[in-house]
There are 2 protein chains.
Amino acid sequence: MTAINKDNTEEKILSAARNVFIHKGMDGARMQEIADEAGINKALLHYYFRSKQKLFEAIFKSVFGKIMPNVMLMVNSDKPIEDKLGAFIENYIDILTINPFLPTFILKEIHRDPEFLAGMIKESGINPQQIITMFKQEMDSGKIRKMDPRDLIINIISLSVFPIAGKPLLSEMFFEKDKANYDEFILKRKVTIKEFILHSILIK
Amino acid sequence: MTAINKDNTEEKILSAARNVFIHKGMDGARMQEIADEAGINKALLHYYFRSKQKLFEAIFKSVFGKIMPNVMLMVNSDKPIEDKLGAFIENYIDILTINPFLPTFILKEIHRDPEFLAGMIKESGINPQQIITMFKQEMDSGKIRKMDPRDLIINIISLSVFPIAGKPLLSEMFFEKDKANYDEFILKRKVTIKEFILHSILIK
DNA sequence: AATTAGTTTAACCAGTTGGTCAAAATTAGA
DNA sequence: TCTAATTTTGACCAACTGGTTAAACTAATT
């Protein structure tokens, strides 16, 4: 690493690319816009990342690799199920509230190029089987009612992610007058989602 | 309407455009690809719809106008809450199973151009307040426990839509070996989602 | 059959886009 | 200080893209 600015430039590019790609997607993003936002010449993008595709992959891997491992908060720790659930939901909603375009970005891109996914999931270090096993144990112990663990996990994720993915639509529908309150509403859901799920699965 | 083929051509265009736009989105779609899929000359697209933007709006309005009114199944009819819930969920999952790209298409496009939404929602004929009122009555009558009706509605929609929007990701995660079974899994959810919700809200 | 109006096409165009390259600028090392 | 390596830039290019146009084609009307 000879030059002083290399890291700095690369970081500026990654930051700008992340921002543009997440908002516009691969198809809507323009290399010139990324260069402008990074405050550098467009040719530099190719000097550092060869092609738009390569730059995009770097961004997607980074984003995907940061967001997915949080799913494992459902199993890490030996706290009771109530706390595990709370940890996952709160953490996810916090991240997505700050990055509301993330869910739709990921949905968009996995539909555009699904082949890419399998490897991506393996690299992300998540282990779905581990979550399934955890919930099975809770069912066997009689703490929560019996159901397909995959249903339960997908329900938890759906309730946490979709309201943010659908924010433009849902806030317009239910908060017409005061769309600004939607973020506050989402924050409250850190509690209400957990309650909603526990009411459904807990055996009293 | 002098010529015999006018309707036919317009339909061919709409059908091809719908297919291409839903899969690729506004940014990823190409007029040439739509023309090829319709089996006509590209200039005809402009003859009938003037511009890509206009053609896109025609498709989006049509799609949005067909999918959104189904939300009102939650209130139409004077059946008990269990049946209303079942009617909505079954209907939605049926439609989305046949059109799995629809949810992500809509999410994608409302993020790209949110301004367009407000008018779109009004035209769609849905009335969120009516759903809110319905659930409030069920709460007041002591049938279901008290909570923010908007939370409940958004939960119902999330549980129905997200598993299909996230199909490429979720099937890879939880059905690695047999991704084909994911559709079957979704169909079973017509029952399990309803149970999941009723377990959570019904007062015994 | 001739006229007219509407429909369809091939060819074309201007603007955009990802990508390249040689030269200039900067930096590190001798 | 001088040289070599790396970084940065402006100019450029070929392919693509949405859109236009004039001419060809089709079909109803007289």
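Note that the structure is predicted; figures quoted are calculated from it, not measured.

**What about the environment of Leu55(A)?**
Residue and element names in this part refer to chain A.
Point 1. Mapping Leu55 onto the fold places it in helix 4 (residues 52–67).
Point 2. Residue Leu55 is classed as buried on the basis of its relative accessible area, which comes to 0%.
Point 3. Taking the C-alpha atoms as reference, Leu55 lies 9.1 Å from Ile13; in sequence the two are 42 residues apart.
Point 4. Those residues in contact with Leu55 that lie beyond four places of it in its chain are Ile13, Leu14, Ala17, Phe21, Met31, Ile34 and Phe49.

**Topic: the relation of the copies chain A and chain B**
Point 1. Rotating chain A by 180° and translating it 0.0 Å along the rotation axis places it on chain B, where the RMSD comes to 0.0 Å. The transformation just described matches what one would write down for a two-fold rotation axis. It is Ser200(A) whose C-alpha, among those of chain A, lies nearest the rotation axis, at 1.9 Å.
Point 2. The share of interface residues of chain A whose copies in chain B are also at the interface is 100%, consistent with both copies meeting through the same surface.

**Brief notes about the environment of Lys84(B)**
Residue and element names in this part refer to chain B.
Point 1. Structurally, Lys84 can be placed in helix 5 (residues 81–98).
Point 2. The spacing of Lys84 and Met74 is ten residues in sequence and 5.1 Å in space, taken between C-alpha atoms.
Point 3. Those residues in contact with Lys84 that sit more than four places away from it in its chain are Leu73, Met74, Val75, Ser77, Lys79, Met134 and Glu138.

**Some remarks on the interface of chain A and chain B**
Point 1. Opposite the 55 residues of chain A that make contact, chain B presents 55 residues.
Point 2. Counting each side, the surface lost to burial between chain A and chain B is near 5000 Å², with a carbon and sulfur contribution of 75%.
Point 3. On the surface where chain A and chain B come into contact, there are four salt bridges.
Point 4. Glu176(A) serves as the salt-bridge partner of Lys122(B), at 3.2 Å between the closest nitrogen and oxygen.
Point 5. On the surface where chain A and chain B come into contact, there are 14 residue pairs in polar contact (both at pLDDT 80 or more).
Point 6. Taken together, the elements giving at least two residues each to the side of chain A that touches chain B come down to helix 1 (6–28), helix 6 (102–112), helix 7 (117–123), helix 8 (128–140), helix 9 (149–165), helix 10 (167–174) and helix 11 (181–201) of chain A.
Point 7. Examining the composition of the side of chain A that touches chain B, we find that 13 residues originate from one element, helix 9 of chain A, more than from any other.

**So, unusual backbone geometry**
Point 1. Non-glycine residue Arg50(A) carries a positive phi angle of around 65°.
Point 2. For Arg50(A), a relative accessible area of 65% puts it in the exposed group.

**Focus on the domain arrangement of chain A**
Residue and element names in this part refer to chain A.
Point 1. When cut into domains, chain A gives domain 1 (6–50) and domain 2 (64–201).
Point 2. Using only C-alpha atoms to locate each centre, domain 1 and domain 2 end up separated by 30 Å.
Point 3. Facing the eight residues of domain 1 at the interface are seven residues of domain 2.
Point 4. Together, the buried faces of domain 1 and domain 2 total about 630 Å²; carbon and sulfur atoms form 59% of this surface.
Point 5. On inspection of domain 1 and its partner domain 2, the count reaches zero salt bridges.
Point 6. Summed over the shared surface of domain 1 and domain 2, the result is two residue pairs in polar contact (both at pLDDT 80 or more).
Point 7. Partitioned by chemical class, the residues of the side of domain 1 that touches domain 2 number three nonpolar, two polar and three charged.

**Structural notes on the pattern of salt bridges**
Residues and elements named next belong to chain A.
Point 1. Under the defined criterion, the tally for this structure stands at 22 salt bridges over all chains.
Point 2. For the salt bridge of Lys190 with Asp94, the shortest nitrogen-to-oxygen distance reads 2.7 Å. Of the two residues, Lys190 is situated in helix 11 and Asp94 in helix 5 (residues 81–98); the sequence distance between them amounts to 96 residues.
Point 3. On the accessibility criterion, Lys190 (19% relative accessible area) is buried.

**Things to note about the environment of Glu172(A)**
Point 1. Positionally, Glu172(A) belongs in helix 10.
Point 2. With ten residues separating them in the primary sequence, Glu172(A) and Tyr182(A) have C-alpha atoms 9.3 Å apart.
Point 3. When residues no more than four places from it in sequence are discounted, the contact partners of Glu172(A) are Lys167(A), Lys179(A), Ala118(B) and Ile121(B).
Point 4. Reaching out from Glu172(A), the side chain makes a polar contact with the side chain of Lys179(A) at a distance of 3.0 Å.

Parameters at a glance
- Residues numbered from 1 in each chain as written.
- Chains lettered and ligands numbered in written order.
- Predicted model: local features only at pLDDT ≥ 70, side-chain atom pairs only at ≥ 80, totals over all residues.
- Heavy atoms only, no water.
- Helix = DSSP H or I, 4+ residues; strand = E, 2+ residues; numbered from the N terminus.
- Buried < 20%, exposed > 50% of the residue type's maximum accessible area, 1.4 Å probe, protein only.
- Contact = heavy atoms within 4.5 Å.
- Least-squares fit on C-alpha atoms with pLDDT ≥ 70 in both.
- Buried area = accessible area lost by both parts, 1.4 Å probe.
- Salt bridge = Lys/Arg side-chain N within 4 Å of Asp/Glu carboxyl O.
- Polar contact = N/O pair within 3.5 Å; in protein donor to acceptor, adjacent residues only side chain to side chain.
- Domains from an automatic or database assignment.
- Nonpolar A, V, L, I, M, F, W, Y, C, P; charged D, E, K, R; others polar.

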